[in-house]
Amino acid sequence: MKSLKLAVVGKDVSKSQSPQIQQFIARRLGYAVGYQRLSVAEEEFSAVAPALFGRLDGFNVTIPYKLAILPYLEKTEGDAVAFGAVNTVKCSTKCGYNTDGLGFALMLKNAGVDVNGKDVLVLGAGGAGRSAVKKLADGGARVTLYSRTVDKAQAVANELKGVICAGQLHIKPYYAVVNATGVGMHNTVGLSPIDKDLLGLCEVAIDLIYEPRKSRFLQLAEECGKKTVNGLAMLFYQAYYAACIFADMPADERTAERLFEEYKREVL
C-alpha cells in the first residue's frame, strides 16, 4: 500500500481538521498517510520552508503562507497561477496548486446554488475571497466585492472580468452573499460582518467558515428565512482535490460528493 508523509503548515494549525480529513480520504482511496500539523511562527518560516521538501511527500499551506511559499517552488499549475496563491504543494516536483476554488465551486453545485447571470456579493478580498470571486465570475455571476481594505478589493476587480469593487456596502438585493472575511470564527465568534437589513434582501447566505457550524452570519440569514451554506463542504472538497494531487489519482466530482457524505456520517 502506498504511504505518504504529509502535513499542513500555517501560523497556528493546532485545531486544523486537515489530518482527520486527509486520513479519512486516504483510507477510502486505498493508501495510507502520516499527516502532521506544523505551526510555524512568521519569523521562522524562511528557515523551516526549505526543509519541508526533504521531509515530506507533500503539504497543505494555510494562513498566512499561501503567498510566502511561492519563492520556494519551481512552478505553479492550475488555479494557483490565476490566484497567485498556493494551498497544496507536491514536494517531488516542487509544484504548487490551489484547490480552494475547486472546492468552493463544487460546494455551490452540490448545494444547488446556481449563480449564472445573478448578482452576488462577496465580503472579504483575502485568499478565500479571491478564490470565491474567481469561481463565481467563471460561473457567470455578476460579482460585487467588498473589503475594508479597498485597495485589495480593487486589485482583484482589476484582474478579473465581471467583478466590481464596492467602496462601501449598499443595502440592495443580491441573489447570494458570501462571507469570506473570517468574521464569526476564533475571537469573533458571535459576530456577523453584516446585519439582517442586507441579509433579508438575499436568497442565499454562504459562509466559508466551517466552525462554528452555524455562525452568527448564518443564524441571521436563517431568521430571515434564507437558504444557508456552511463552509465544511468546501473544506472537504478542497482537501479531496489536494489528496488526488498527492496520490497521483484522477479527481472525480461524484467520488468527492460520496466521500463527503460518508465523512459526515462517520466522523461528525
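Computed from a predicted model, the values in this text were never measured in an experiment.

The rules we used
Residues numbered from 1 in each chain as written. Predicted model: local features only at pLDDT ≥ 70, side-chain atom pairs only at ≥ 80, totals over all residues. Heavy atoms only, no water. Axes fitted to C-alpha atoms, helices over the stretch in contact; angles between N-to-C directions. Helix = DSSP H or I, 4+ residues; strand = E, 2+ residues; numbered from the N terminus. Left-handed = near helix turned anticlockwise from the far one by under 90°. Contact = heavy atoms within 4.5 Å. Buried < 20%, exposed > 50% of the residue type's maximum accessible area, 1.4 Å probe, protein only. Pairing = 2+ DSSP bridges. Core = buried A, V, L, I, M, F, W, Y, C linked by side-chain atoms within 4.5 Å. Phe/Tyr/Trp six-rings, centres within 6.5 Å; stacked < 30°, edge-to-face > 60°. Lys NZ or Arg CZ within 6 Å of the ring centre and 35° of its normal.

Help me get a handle on the packing of helix α1 (residues 18-29) against helix α10 (residues 253-267), residues and values and all.
At a closest axis distance of 11 Å, the pairing of α1 and α10 adopts a crossing angle of 120 degrees. Crossing of α1 against α10: the hand is right-handed. Facing Q20, I21, F24, I25, R27, R28 and L29 of α1, the residues of α10 in contact are T255, L259, E262, Y263, E266 and V267.

Any chance you could break down the pairing of strand β1 (residues 3-10) for me, citing the residues and the numbers?
When you tally the buried positions in β1, you get 6 out of 8 residues, the bulk of the element. Note: β1 against strand β3 (residues 58-61), 4 bridges, orientation parallel. Bridged to V9 within β3 is V61.

Pulling in residues and values, what's your account of the nonpolar core?
Counting 58 residues, the largest nonpolar core has I25, F104, M107, V122, L136, I206 and F236 as the members making the most contacts within it. Not counting chain neighbours up to four residues away, the residues in contact with I25 comprise Y31, F236, A239, Y240, A243 and L259. One finds L38, V40, F53 and I69 within the second-largest nonpolar core, a separate group that totals 18 residues.

So what's going on with the packing of aromatic side chains? Residues and values would help.
How two aromatic rings sit relative to each other is given by the distance of their centres and the angle of their planes. In this structure the tally under the stated criterion is 10 aromatic pairs. Taking 6.3 Å as the distance between ring centres and 65 degrees as the angle between the ring planes, the aromatic pair formed by F24 and F236 counts as edge-to-face. One end of the pair, F24, is in helix α1; the other, F236, is in helix α9 (residues 232-247), and 212 residues separate them in sequence. Owing to a relative accessible area of 0%, F24 belongs among the buried residues under this scheme. Judged by its relative accessible area of 0%, F236 falls in the buried class. A centroid spacing of 5.6 Å and a plane angle of 65 degrees characterise the contact between Y240 and Y241, whose relative ring orientation is edge-to-face. According to the relative accessible area criterion, Y241 is buried, its value standing at 11%. Feature note: the residues F24, F236, Y237, F260 and Y263 constitute an aromatic cluster, connected by ring pairs. Residue placement shows K118 over the ring face of Y175; its charged tip is 4.1 Å from the ring centre.

Lay out unusual backbone geometry in plain terms, naming residues and giving numbers.
Negative phi is the rule for most residues except glycine; trans is the rule for most peptide bonds. Here the bond from I63 into P64 is cis, since omega is 5 degrees, no more than 30 degrees from zero. In this structure, P212 follows E211 across a cis peptide bond, with omega equal to 10 degrees. Of note, P212 is situated in the loop between β11 (204-207) and α8 (216-223). With phi around 50 degrees, H186 is a residue other than glycine that occupies positive phi space. In this structure, D248 takes a positive phi of about 55 degrees despite not being glycine. Considering the arrangement of structural elements, one finds D248 in the loop between α9 and α10. Exposure remark for D248: the relative accessible area of 55% places this residue in the exposed category.

Keep in mind these values describe shape, not function.
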